[in-house]
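# Structure at a glance
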Amino acid sequence: MNRIALLPGADVWESIVTEKYLNQLRQMGELVVNTLPGAPSKERVAELIRDADFAITSWGCPAFDADVLGDAGRLKLVAHAAGTVKGIVTPELIERGIRVSSANDALGVGVAETALALTITSLKRMWELSQSTREGTWEEGKEHIREMFDITIGVVGAGKAGRHYIRLLQQFEVDIVLYDPIVSVQEAVELGCRKVEFEELLAVSDVISIHAPSIPETNHMFNAKAFSIMKDDAVLINTARGSLVHEYELAAELAKGRFTACIDVTEPEPPSLDHPFRKLPNVILIPHIAGAVNNGKQRMARHAVEEIRRFIAGQPLEGEVNLQNLHVIA
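My aim in this report is to walk through the structure given alongside it, one point at a time.

## Looking at the overall build of the protein chain
In terms of regular secondary structure, the protein chain is built from 13 helices and 12 strands. Radius of gyration (C-alpha) of the protein chain: 22 Å, near the 20 Å computed for a compact globule of 330 residues. Across its three principal axes, the protein chain shows a C-alpha extent of roughly 65 × 45 × 35 Å. When burial is assessed residue by residue, the protein chain has 53% of its 330 residues classed as buried. In the protein chain, 62% of the contacts between residues at least 6 apart in sequence involve partners at least 24 apart. When the accessible surface of the protein chain is split by element, carbon and sulfur atoms take 52% of a total near 15,500 Å². If the 33 positive side-chain charges of the protein chain are averaged to one point and the 45 negative ones to another, these points end up 4 Å apart.

Put into structure tokens, the structure is as follows:
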């Protein structure tokens, strides 16, 4: 019989794995559950995965190093019910040939939907018009509204979230340009967009949505030089990582009133109480809600359960991570 270990602290997995998914796991094998709250220790994880065929991880789980993997001779798959797997993957895990799956695709759905919502509400000027109506006005500012028609939307990064955002945009009459060095011209066409260089994307886009990974090559890629190329009245959306944006150079540009920024992620989080993002009228600052929140977290549980089911059936995994490419993925 297959043995499945649910490793996150109880306070974490109880918000992700509902009774529905626990029952599905029990139908696939013997389920061993971490009942302790808090981040599990390496010793606790090693105990739980001893004789396990599958492990489900999430936020707070330790790296699967030699100490953790010592007696886990049966382990075949780690299904990560969260995004990046960089915190759990080690050379020892790779050497043992243990496969790893990420719920990035499940997370990407929520991120893309949030990016689309920010796109529409910002173009419609809903934020500022809502404020002005509270102050007693009615139609002032409507002349600045734009529709999702005959505009250009730039997507930076065609990972899981970026691709889903592009799919959502197919429902609108907009032109989509993509900057992603890894994606070919033909693949971009198949996605429904046009591949361009970064500078062109900055220059032509009415909306720019950031979906690139946080790696050394992308650190502060949005800086004073990039902002100077952007259109007046553009909308910049960051639901990726705070490290991609030089925050104080962005704040300086926003202080000129040239364009709007929708910021879901900062570096660090939360931003300081005196951070300019909290005060500038053309910044929409939300508290890192673009990914999985509340019931949205259960999408990650479904993904992990289905990955284990696919593995048992000998089917391809939808979220399998190429562990040789960790340096270029989120």
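Resuming the write-up.
## Focus: the nonpolar core
By size, the foremost hydrophobic cluster in this structure holds 29 residues, and its most contacted members are Val 156, Phe 222 and Leu 250. Only strand E7 (173-179), helix H10 (198-204), strand E9 (207-210), helix H11 (224-229), helix H12 (247-254) and strand E11 (260-263) provide two or more residues apiece to this core. With residues up to four places along the chain from it excluded, the contact list for Val 156 reads Tyr 179, Phe 198, Leu 201, Ile 208, Ser 209, Ile 210, His 211, Ala 212, Met 221 and Phe 222. Listed in part, the 28 residues of the second largest apolar core include Leu 22, Ala 292, Ala 301 and Val 305.

## Things to note about helix H8 (residues 160-169)
Turn by turn, an α-helix covers 3.6 residues, leaving residues three or four places apart pointing in a common direction. The element H8 is largely enclosed, with a buried count of 7 among its 10 residues. Within H8 the residues assigned to the buried category are Ala 161, Gly 162, His 164, Tyr 165, Ile 166, Leu 168 and Leu 169. Residues of H8 that are buried in the fold lie against helix H6 (104-123), strand E6 (149-156), E7, helix H9 (185-191) and E9.

## Description of the pattern of salt bridges
Under the definition given, this model contains 22 salt bridges. Residue Arg 125 pairs with Asp 233 through a salt bridge whose shortest N-O separation is 2.4 Å. Here Asp 233 lies in the loop between H11 and strand E10 (235-238) and Arg 125 lies in the loop between H6 and helix H7 (126-134), a separation of 108 residues in the sequence. On the accessibility criterion, Arg 125 (12% relative accessible area) is buried.

## Re unusual backbone geometry
Cis geometry is adopted by the peptide bond preceding Pro 268, which originates at Glu 267 and carries an omega value of 0°. If you trace the backbone, Pro 268 turns up in the loop between E11 and strand E12 (283-285). Cis geometry marks the peptide bond from Glu 269 to Pro 270; its omega dihedral reads -5°. Topologically, Pro 270 is positioned in the loop between E11 and E12.

Reading the values: the criteria
Residues numbered from 1 in each chain as written. Predicted model: local features only at pLDDT ≥ 70, side-chain atom pairs only at ≥ 80, totals over all residues. Heavy atoms only, no water. Helix = DSSP H or I, 4+ residues; strand = E, 2+ residues; numbered from the N terminus. Rg over C-alpha atoms; globule rule 2.2 N^0.38 Å. Buried < 20%, exposed > 50% of the residue type's maximum accessible area, 1.4 Å probe, protein only. Contact = heavy atoms within 4.5 Å. Areas by Shrake-Rupley, 256 points an atom, 1.4 Å probe, with all protein chains shown as cover. Lys, Arg positive; Asp, Glu negative; His and termini not counted. Charge placed at Lys NZ, Arg CZ, Asp CG, Glu CD. Core = buried A, V, L, I, M, F, W, Y, C linked by side-chain atoms within 4.5 Å. Salt bridge = Lys/Arg side-chain N within 4 Å of Asp/Glu carboxyl O.

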